[in-house]
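Observations on the three-dimensional arrangement
One-letter residues, chain by chain:
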Amino acid sequence: MRLNIIKIFSLLLAFILLGACNDEFLELDNPEAYDENTYFKTQDQINSAVIGTYATLLHRGMHARDWYFIFDLMGSDAMKNTFLLGDDAEFYNFSFQNTNPRLQELWDTNYRMRTRAVIVIDKVDEWQPENIEEARLQPIYKGEGYFMKSFAYFNLVRMFGAIPYADTWNDVKDTDNLARPRTEESVVYDSIIADLQRAVERLPESWDDANKGRATKYSAHALLGKVYLTIGEYAMARNQFMEIVNSGRFNLWDGTEGYENQFTNANWDSPETIFDVRHNWYGWSAGNAYHMFGGNETWGGRAANSGRAMEYGFNDWWNVFVSSAAVESFDYTVEGASYMDPRSSLVFYGNPSEGGDGNWAGGTYDYRAKGNSWKKYNRYETIVKEGNPTSDINTQLIRYADVLLMIAETYIFQDQYAEALPYINEVRRRVGALEYTTVPASFDEAFEILRRERRLELVGEQHRWFDLKRWHLADKSSAAGFDMVAVINADRALDTKNNPGDMAEKYIYLPIPINELQNNPQLDNNLNYPNWN
Amino acid sequence: MLTVVVMCFGLLQGVASDQALQKIKITLSASGQTLEEVMTEIENQSNLVFFFNNKDINLKKRVDINVNSISLAETLNMLFQRDNIDFSKIGNQIVLKKVKAKDTPEKNKEEVTRKFGLQQTVNKKDHGQINIRYMQEKQISGTITDETGEGLPGVNIVEQGTINGTVTDMNGDYSITVGENAKLVFSSVGYISQTLDVGNRTVIDLQMQEDVTQLEELVVVGYGVVKKSDLTGSVASVKPEDVGNIAVQNIGQMIQGRAAGVNVVTNNGLPGSNVKIKIRGTGTIYDSDPLYVIDGMPGDINTISPQDIQSIEILKDASATAIYGARAANGVVLVTTKRGEIGAPRVTYHGYYGAATPGNKLDMLNSAQYMDMIKDVMSNTGTTSYELPPKLQDASYVNVDRTDWQDAVFRRGAITEHHLNVGGGTETVKYNFSTGYTSMDANGGDYKYERYNGLANAEFSLINDRLRLGENFAIRYENRLGNSPDFTSALRMPPYAPARDPYNVGGWSRVTSAEDLNDAYNPLTEIYLSDQDDEELKLRAQFYGEFDIIPALTIRTQLLMENWWGHNYDFNYEYLNGNVRTPNGLAESYYKGFSPQWENYITFTEEFGVHNITAMVGNTYQRGGHSRRIEVEGNNFESTQVLLPTFAEEFNIKNAGAGISAYMSYYGRINYILMNKYLFTFNYRTDASPRFAPGDRWGSFPSFALGWKMHEEAFMQNLPSLSTAKLRVSWGISGNDRIGNFRYLSNIYTGSTNNIVYPLGVNNEMYLGATINALPAQNIRWETSTSVNAALELGLFEDQLFFTAEYYNRLTDGILVRVPIPNSTGIDDAPFKNAAEVRNSGVEFILNYQGDFGDISYNISANGGFNQNEVLSLGEGNPIPNGNRGGIGNITLTDVGNPIGAFYGYKVDRVLVDEADAQQYRDTYGEENALAGDIAFQDISGPDGVPDGVIDDDDKTFIGDPNPNFTYGMNFGANYKNFDLQFALTGQAGNQIFNYIGVYRLQGMRRPFNHTTEVLDRWREDGDVTDMPRATQADENLNTRVSDRYIESGSFMRMRNITLGYTLPMANEGGVVKRLRLYVTGENLFTLTGYSGYDPEISAIDPNNDQNYNMFQGIDTGQFPQPRRFFAGVQVTF
């Protein structure tokens, strides 16, 4: 009997253990996502990887919201209004620490952009083009990868100095070396230059109508020129810029209307744009208008709108004014005579006697109650209220006027003032500003003209902080004594509304964000300022 | 004696007065007399005469009756009931009448509940002083013994089909007189009932067989049941009786406060909200929920109505959980649904009706105080001469209190439930059907929860009960309607604002930063201008077959199919609120899923002398979660009549998803009991999960346990009052794999909703992007939890007083955690690693006492669990900051040497009294932004671990722990005559709450929003000594940074439930209504707590996010508070 029990038991045991399934039962295919080994095989898939790289331009820290706040406020183009609070206000107050989440996002998003770009560079070679058109596109996509990789690293190195650097996708995903030490600035610049040269070789002169907005050969030339300018290679910079001028493909959008339109949603096809961030609002069904508050690629749906018009707009959230320093800069002396620059009324609403535009779509602008508010990048010429942050005005990153002024800068820093002047005058001519006729007698004189011109032309475009830093660090004996801290603090002294304190010198370098410090034991956080950067 | 034969006594029928028969008392002592003699004696004592038909009554029958002052009715009952003679008093006559036979024994029975909720049936007549015998029939005697041959006292012996019966004495001896062809039924609790033909025997000795299913309380464990006394693992058992059969909203509430070491936190106070159950602390960093098993197969516990639950078992130590191996590291909750029992259909209705009412209110500033604060907020921004907007300058407008926003969002809500159950069975089929409807209004907003439940189970016995086939079928339809208020918004609204504004789009008022400096959202707008309707249908169909190959060997196969379908609907009308305009829009989503599982196991049970062995082996296959989901959205409807997405100006498929999972497992168990004293259990399970790469998929989970029933030892027999003394120890490993699927692959990321986008081209066409956003988790394996458990059980006075104490130590190693990687990788999702190690250790105790006090019987039970949670290692990883909250950043840090998700921040020193004080603070610590009225923080440490004269990140420290050190419950129940009373207390101690809403939102004074009256104490001018800093919008000193300013004690004791019930005495025991109980209940009547917010029972920021729960818990961000509920109910059994 007992034997029988054991027999039956054993039989059943065998049935249970061997009966039904083997390990293949557990082989599941992911029903929701491709994986690295099965993707990147077709043109569409490679193109998606490139689009994913551009998409980071809309992320937090970049141009859906934070970039304009951070650099307009730090560069004293914008001035805090009461409603600007918390993390953003800290940039105006120069009170932010390495814990500031906006700062973290600047860092994170640019590295995200870099990583997506190196994935493109790596994966584009795995794709076997199936026809001539695809074969033509293959190097172009790779060129876009190089361009965006350089763009990210250029942002990072300008903001943070020496930074952790990984060159390729295999480097990035190397799990044994996820924490990387800081790489010297010059080494980072060298690799940016090398990558941009690769981009120049591969990128097209232009894109068809369906793809307008992607990086071109001239985007790469402009960026490369700017990189050279930043490291003081003026001749090399000028060579790059001249490629753009000589191509004949770009020109200033004519007249004050042209200047105005460059910052309206008519700017999607401007002859002046060399590289921009494309914004569009696809409606609530596609995305959430508030995606700039961290909703990119998460809860925000499919949204590419900019918050700027709503954030800056005096009849909407009105978080900032045009800074008093910027307003005052429009009133200056040209060749001995006091002069009100015509761009003032294109840039801000305010007291007409101080250069502001006194009218908007809602009638007369009440400058006594409203102060000087932004007109550039706002839509109050045509609508009275944004209502939601759904601006579709493309953000200008590199435009022709910038290039012309950078050419002037290369000449001035090589003490060729006469050669510089035509480029400055070309920019002034477009808006009908008085042209300079007298060749500056000294570097200081030429530099002042250049500085003023860049401020007036490019105000509110987040260039000034980087301009000041470039000049501050320029290895130019005749520019010795240019102190961005003093310049910024002089600007801030003009703000009687907030009475802000001074900027401390260490803020020249943004602090390495706290999360990076905590998770990267390889970092030396004392290169420029102890416990800061 | 009147012996008139009346052939027609129909005339005399009429009002039968049992009352009179009750009042008359009879004392008789007859032994072998004829019935006629006895009846004559009764006539003498009662002054009544009998009236009957001679055909019906055998007056010569000899009887043996012994009654002492027993009612006439009772006496007659004894004399005549066996002959199916009914009696009634009419005038001075006792009329005897033959009636049709009926199932008389039933009505003399009552159910009593004994210790451990065990139900047994005793016969009221068997109390000794009453005895009736029929002398002309034969007398049977004998001795009943138990399995060991000892005489068994208290065995019921009943002549089948009669009330004639007796009980064995202390020696197991009995004697009974029975009629011709009698059958005797021998029954005793814990033993198998036996029915024997008397035949011509006069002595019947019998050895009773223990009934393993009845001997004592049985405890459901994985793939089987175990006698409670033979348990070797740590298992807590909760039965509906313990909860007083009162209304609970969900299964979690049945457990709350009733199982030691099990902490149940309700997600929020909205009806239909879920609970988080933590067994013995926070076992892992991410999802630490237990595994839920219903009727033997894993599934969604919320499919079952709490009313349909027979018992809940909570497996706590690895010896108990290891049989569920891979998924059991955080404990297992086993739910068993009600079954039918043999008997006529029994219909039970339970219904209640009541109200949920708001709890506490916070003290908010009135309009004048609010305006006063606004001026401070604005003038401290650096703007020396801030001019208020025109609206705020009009004191006659803004100093008027127009709306109490708390009253506006809270309300009294109706709650009701109806539940109907039919159960019964025969020898071959047992069935149980029930249906229920629940409707509960939230005590705020217009939120309503509705639930429909159905349950049907049946079991068929075939081939002489060798083959059993059955099914368990459960269905639940759930509906969540309307909106709950965002009372964070409500609290921020200016008190001068009216609730309505007929001129605003949508009709509700709004405030804006331009006009009011306050852009809080009017909470009523979204409540009343949005139609929300979320519904879900869940089906659970389980089929099983069980076959006894031989009596000792049973094979069972069971198949489960879980199905779910859901639909979420949210339409909002166009409105303007705060600074934002929202167009009308509809968001809808649909989802479905199907998850089949198949299990087979064989069980072998046999006794060889003193050896008792139960062995089980089995397997499980699950190919689950075939789920799909789609979300659509439409916006800008021209008219709101037809609300289909396609009628909107813009519509879109917003998102879609799909899922799949699988499991494959083999398991076995041996239970060995030696001499009913020494208990040994061995479990082994091996599981494969596709969440790991091929090669790393299999995990093994063994456990051992030993038990020693000391009270069975001879040397304990001289301690007669000690009824139970048992020791048990266990060791075991269980696992966890909850990391989501396909983490070992480098997945392509296309955004959470396929929404990586960039516009290109002259038409701004949308292009979709893709990339890699996560590194694959390489070489990861199961997370394992190793636990040891030791327990002592003591029972005194027949277990009237019962005490259990347990110690456990649970070490979770190889915790699957995303070790943060540098952000400079540009990769957002860190790969999972088996990095961390966490220990939970503690002691638990349970104390039960049941006693009597006169007519009062009562039961007191108390349980408590101390737990210490500590992260022992994070592998190569850094501390994990988490709990990010807008405005102040990360609140928690999970670091070695501290509990999971501990609060981490600065410590407040003081509020700077004046400029001199501030100057000194600035000079000492370089805190340039500190002004008088700002908070001075403590310099606790520096880079070298000592205070360094700088207030920076090094000064952050652990400031609180959301994990309670002690959780406890106390339950009291008492019965007095027909009244019953229960109350239940639960509580926790030693944890802290991070009061984000109370401090940042309501005391922060950074924004011109309304605040609590605490801010009236704010610093205003030099010399003010206070702990409330100045109002400052810029807050350049970061007074609102994460600090111990937010920390409050989270200890509380809550009166969870008080119920008073009354069971109506049934006038006619044979009536339609068998039992009728009425009760009233109050829930959450009071909470003893020092916490200043609405409710100290704080869940987490996003309680439904399992991945982040443990590092987000204990942070009060405005979870909806628990309501106070009052209701009255009725339970009827037909």
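Report follows, based on the coordinates. All values reported here derive from a predicted model rather than from experimental measurement.

1. What about the interface of chain A and chain B?
Each partner contributes to the interface: chain A provides 100 residues, whereas chain B provides 98 residues. Interface area, chain A with chain B, both sides summed: about 8700 Å², of which 60% is carbon and sulfur. Counting across the chain A and chain B interface gives 2 salt bridges. In this structure, A:Arg112 engages B:Asp828 in a salt bridge whose closest nitrogen and oxygen atoms are separated by 2.8 Å.

2. Focus on the sheet that holds strand β12 (residues 173–178) of chain B
Residues and elements named next belong to chain B. Reading across from one edge, β12-β9-β15 is the order of the 3 strands in this open sheet, with mixed pairing throughout. The sheet is open, and its two edges are formed by β12 and β15 (206–207), each paired on a single side. Sheet topology note: the strand β9 (residues 138–145)/β12 ladder contains 6 bridges and is antiparallel. Note on β12: the bridge partner recorded for Gln 139 is Thr 177.

3. Quick look at the sheet that holds strand β50 (residues 880–882) of chain B
All names here are of chain B. In space, the 4 strands of this open sheet follow the order β50-β51-β52-β55, with antiparallel pairing throughout. Only two strands of the sheet have a single neighbouring strand rather than two, namely β50 and β55 (957–960). On average, adjacent strands in this sheet sit at an angle of 45° to one another, irrespective of strand direction. The pairing of strand β51 (residues 892–894) with strand β52 (residues 902–905) spans 2 bridges and is classified as antiparallel. When the sheet's bridge partners are listed, Thr 892 is paired in β52 with Phe 903.

4. Re the pairing of strand β56 (residues 966–976) of chain B
All names here are of chain B. Strand direction decides the pairing type here: strand β49 (residues 856–873) and β56, joined by 11 bridges, are antiparallel. Paired with Ile 860 across the bridge in β56 is Phe 972. As paired strands, β56 and strand β57 (residues 979–989) are joined by 11 bridges and run antiparallel to one another. Residue pairing in the sheet places Thr 967 in a bridge with Gln 988 of β57. Counted between consecutive antiparallel strands, the loop separating β56 from β57 contains 2 residues, among which Lys 977 sits at a positive phi close to 50°.

What counts, and where the lines are drawn
Residues numbered from 1 in each chain as written. Chains lettered and ligands numbered in written order. Predicted model: local features only at pLDDT ≥ 70, side-chain atom pairs only at ≥ 80, totals over all residues. Heavy atoms only, no water. Contact = heavy atoms within 4.5 Å. Buried area = accessible area lost by both parts, 1.4 Å probe. Salt bridge = Lys/Arg side-chain N within 4 Å of Asp/Glu carboxyl O. Pairing = 2+ DSSP bridges. Helix = DSSP H or I, 4+ residues; strand = E, 2+ residues; numbered from the N terminus. Axes fitted to C-alpha atoms, helices over the stretch in contact; angles between N-to-C directions.

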